[in-house]
Amino acid sequence: MARVDIRLGGSGGQGTITAAAILGYAAVFAGKKAVQTKSYGPEARGGAARGEVVISDEDINYVKVLKSDVLVALTQEACDKFIGDAKEGSVVIVDSMLVKDLPKGNFKVYALPIIKTAAEDIGKSMVANIVTLGVVNQITNLLDVDKLEKGVLSKVPKGTEELNKKALYAGMELAKKNM
């Protein structure tokens, strides 16, 4: 695997930073090298937030994402802010409820009801970040599902494992239906 740069953007409280960390752990479980970075806006909840993860088979010499191979935007603000850094031919995944102005460019856009799926199918909007991981992995085939599941289960609060596992698989199913 060549280096894959992934940026997950949204607002504070949506779990994009946690999702990036989980994806990094899952990559390590899969025998890859990974590094995760994060950035918050000046506000805590509700402000801009992004989690980034670089995954590679080789040593990672530069840890920041400059141009993303995969961009996830859970808000319009995140989409507008980060779309300029999406590589040509990259994958762009947006939440169809919150991102109405779809980006245009030489990339593949998937507009999916990620937050709605978490709220309605799982019953908890707070697991939208885990639904997102299922979507990302299904579309990109980045990691073996068992390694991603192990990453999720290793980082979620005790007692929420089944809820989060259900969210992960709901995300994969959502992507399958919309590919």
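Everything that follows concerns the structure shown earlier in this document.
The following paragraphs examine the structure supplied in this document. (Residues numbered from 1 in each chain as written. Predicted model: local features only at pLDDT ≥ 70, side-chain atom pairs only at ≥ 80, totals over all residues. Heavy atoms only, no water.)

## Some details on the overall build of the chain
The helix and strand tally for the chain stands at six helices and six strands. Secondary structure elements of the chain occur, N-terminal to C-terminal, as β-α-β-β-β-α-β-β-α-α-α-α. Expressed as lengths along the three principal axes of its C-alpha atoms, the size of the chain is roughly 40 × 35 × 35 Å. Out of the 179 residues in the chain, the part that is buried amounts to 50%. Taking the intrachain contacts of the chain between residues at least 6 apart in sequence as the baseline, contacts between residues at least 24 apart amount to 58%. Summed over its atoms, the accessible surface of the chain is roughly 8,500 Å², and 49% of this surface lies on carbon and sulfur atoms. (Helix = DSSP H or I, 4+ residues; strand = E, 2+ residues; numbered from the N terminus. Buried < 20%, exposed > 50% of the residue type's maximum accessible area, 1.4 Å probe, protein only. Contact = heavy atoms within 4.5 Å. Areas by Shrake-Rupley, 256 points an atom, 1.4 Å probe, with all protein chains shown as cover.)

## Quick notes on unusual backbone geometry
Phi is positive for Asn-141, which is not a glycine, with a value near 55 degrees. Mapped onto the elements, Asn-141 comes out in the loop between α4 (128-140) and α5 (145-155).

## A short note on the packing of α5 against helix α6 (residues 161-177)
Running from N to C, α5 and α6 point in directions that differ by 140 degrees, and their axes come no closer than 10 Å. Viewed along their axes, α5 and α6 adopt a mutual orientation that is oblique. In terms of crossing hand, the pair formed by α5 and α6 is right-handed. Of the residues in α6, those touching α5 at Val-145, Leu-148, Glu-149, Val-152 and Leu-153 are Glu-161, Asn-164, Lys-165, Leu-168, Tyr-169 and Met-172. Taken together, the residues of the contact of α5 with α6 sort by class into seven nonpolar, one polar and three charged. (Axes fitted to C-alpha atoms, helices over the stretch in contact; angles between N-to-C directions. Parallel < 35°, antiparallel > 145°, perpendicular 65-115°, else oblique. Left-handed = near helix turned anticlockwise from the far one by under 90°. Nonpolar A, V, L, I, M, F, W, Y, C, P; charged D, E, K, R; others polar.)

## Let's talk about the layout of surface pockets
What the largest pocket holds in volume is close to 270 Å³. In this structure, the largest pocket is lined by 18 residues; those nearest its centre are Met-126, Val-127, Asn-129, Ile-130 and Asn-164. Among the secondary structure elements, those contributing two or more residues to the lining of the largest pocket are α1 (16-29), α4 and α6. Among the elements that line the lining of the largest pocket, the one with the most residues is α4, at three residues. For the lining of the largest pocket, a count of residues per class yields nine nonpolar, eight polar and one charged. (1 Å grid on protein atoms, 1.4 Å probe; cavity = no way out; pocket = protein on both sides within 12 Å on 5 of 7 lines; lining within 4 Å. Points joined across faces, edges and corners; volume = space filled by probe spheres on them.)

## A word on the pattern of salt bridges
In the structure shown here, the tally under the stated rule is 10 salt bridges. Here Arg-7 makes a salt bridge to Asp-85, at a shortest N to O gap of 3.2 Å. Of this pair, Arg-7 sits in strand β1 (residues 4-11) while Asp-85 sits in the loop between α2 (76-82) and β5 (86-95); the two residues are 78 residues apart in sequence, bridging distant segments of the chain. Overall, the relative accessible area of 3% leaves Arg-7 in the buried class. With a relative accessible area of 27%, Asp-85 lands in the partly exposed category. The salt bridge partner of Lys-87 is Asp-69, with a shortest N-O separation of 3.0 Å. In this pair, Lys-87 is assigned in strand β5 and Asp-69 in strand β4 (residues 68-73), connecting sequence segments 18 residues apart. Within this structure, Arg-7, Arg-50, Glu-52 and Asp-85 form a network of salt bridges that share partners. (Salt bridge = Lys/Arg side-chain N within 4 Å of Asp/Glu carboxyl O.)

## Considering helix α3 (residues 114-122)
Structural remark: α-helix, 3.6 residues per turn; residues separated by three or four positions point the same way. For α3, the complete set of buried residues consists of Ile-114, Ile-115, Thr-117, Ala-118 and Ile-122. Seen along its axis, α3 keeps its buried residues to an arc of 165 degrees; they face one direction. Tucked inside the fold, the buried residues of α3 contact β5, β6 (108-112), α4 and α6. Following α3 by one or two positions, Gly-123 adopts a phi angle in the positive range, close to 90 degrees. (Arc of directions from axis to C-beta.)

Keep in mind that these numbers describe shape and distance, not what the molecule does.
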